[in-house]
Amino acid sequence: QVQLVESGGGLVQAGGSLRLSCAASGRTFSNIVMGWFRQAPGKEREFVAGISWSGRSTYYADSVKGRFTISRDNAKNTVYLEMNSLKPEDTAVYYCAGTPKMTITTSSNRYEYWGQGTQVTVSS
């Protein structure tokens, strides 16, 4: 079992930046593919970014490509989401998630471990 705790959310103006962190505890973190998802009010949860066990492979939703960067530090059991050039449509609750699958997946159903979420609000 893995416990995930997100932090770093908040209120920011459009064009600004935030860095989300997700600290993991429990089973071996380095064997878990990690992802970030988000859910805006009235919308379904959507994939944002994913990163492989080693951190060498990443994958992004088209809506955030070039603006967001996912990374991980396996020594610190932490995954990050650096968000730049934020837009009002990025406003959502952001969740980190983990799966023991071997490859990055964009489907939330394939992730077994979830954090409680952190709110990101981007004002125009």
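Here the structure is shown first, and the text comes after it.
Report on the accompanying structure.

The phi dihedral of Asn-77 is positive, around 55°, even though this residue is not glycine. Inspection of the secondary structure assignment puts Asn-77 in the loop between strand E7 (68-73) and strand E8 (78-83). With phi around 50°, Ser-85 is a residue other than glycine that occupies positive phi space. By the secondary structure assignment, Ser-85 is in the loop between E8 and strand E9 (92-99).

With respect to the helices, strands and loops of the structure, Arg-38 is situated in strand E4 (residues 33-39). Separated by 3.5 Å, the side chains of Arg-38 and Ser-63 make a polar contact. Other than its neighbours up to four places away in sequence, Arg-38 contacts Glu-44, Arg-45, Glu-46, Val-48, Ser-63, Val-64, Phe-68, Glu-89, Asp-90, Ala-92, Val-93 and Tyr-94.

Moving on, we get to the pattern of salt bridges. If you walk through the whole model with that rule in mind, you get five salt bridges. The salt bridge involving Arg-19 is made with Glu-82; its shortest N-O contact spans 3.8 Å. Linking Arg-19 in strand E3 (residues 18-26) with Glu-82 in strand E8, this pair joins segments that are 63 residues apart in sequence. With a relative accessible area of 28%, Glu-82 lands in the partly exposed category. In this structure, Arg-67 engages Asp-90 in a salt bridge whose closest nitrogen and oxygen atoms are separated by 2.7 Å. Here Arg-67 is found in the loop between strand E6 (58-60) and E7, whereas its partner Asp-90 is found in the loop between E8 and E9, with 23 residues between them in sequence. The exposure class assigned to Arg-67 is buried, which follows from its relative accessible area of 12%. Asp-90 sits in the buried class, given a relative accessible area of 1%. One continuous salt-bridge network, built from bridges that share partners, spans Arg-38, Glu-46, Arg-67 and Asp-90.

Calculation rules
- Residues numbered from 1 in each chain as written.
- Predicted model: local features only at pLDDT ≥ 70, side-chain atom pairs only at ≥ 80, totals over all residues.
- Heavy atoms only, no water.
- Helix = DSSP H or I, 4+ residues; strand = E, 2+ residues; numbered from the N terminus.
- Polar contact = N/O pair within 3.5 Å; in protein donor to acceptor, adjacent residues only side chain to side chain.
- Contact = heavy atoms within 4.5 Å.
- Salt bridge = Lys/Arg side-chain N within 4 Å of Asp/Glu carboxyl O.
- Buried < 20%, exposed > 50% of the residue type's maximum accessible area, 1.4 Å probe, protein only.

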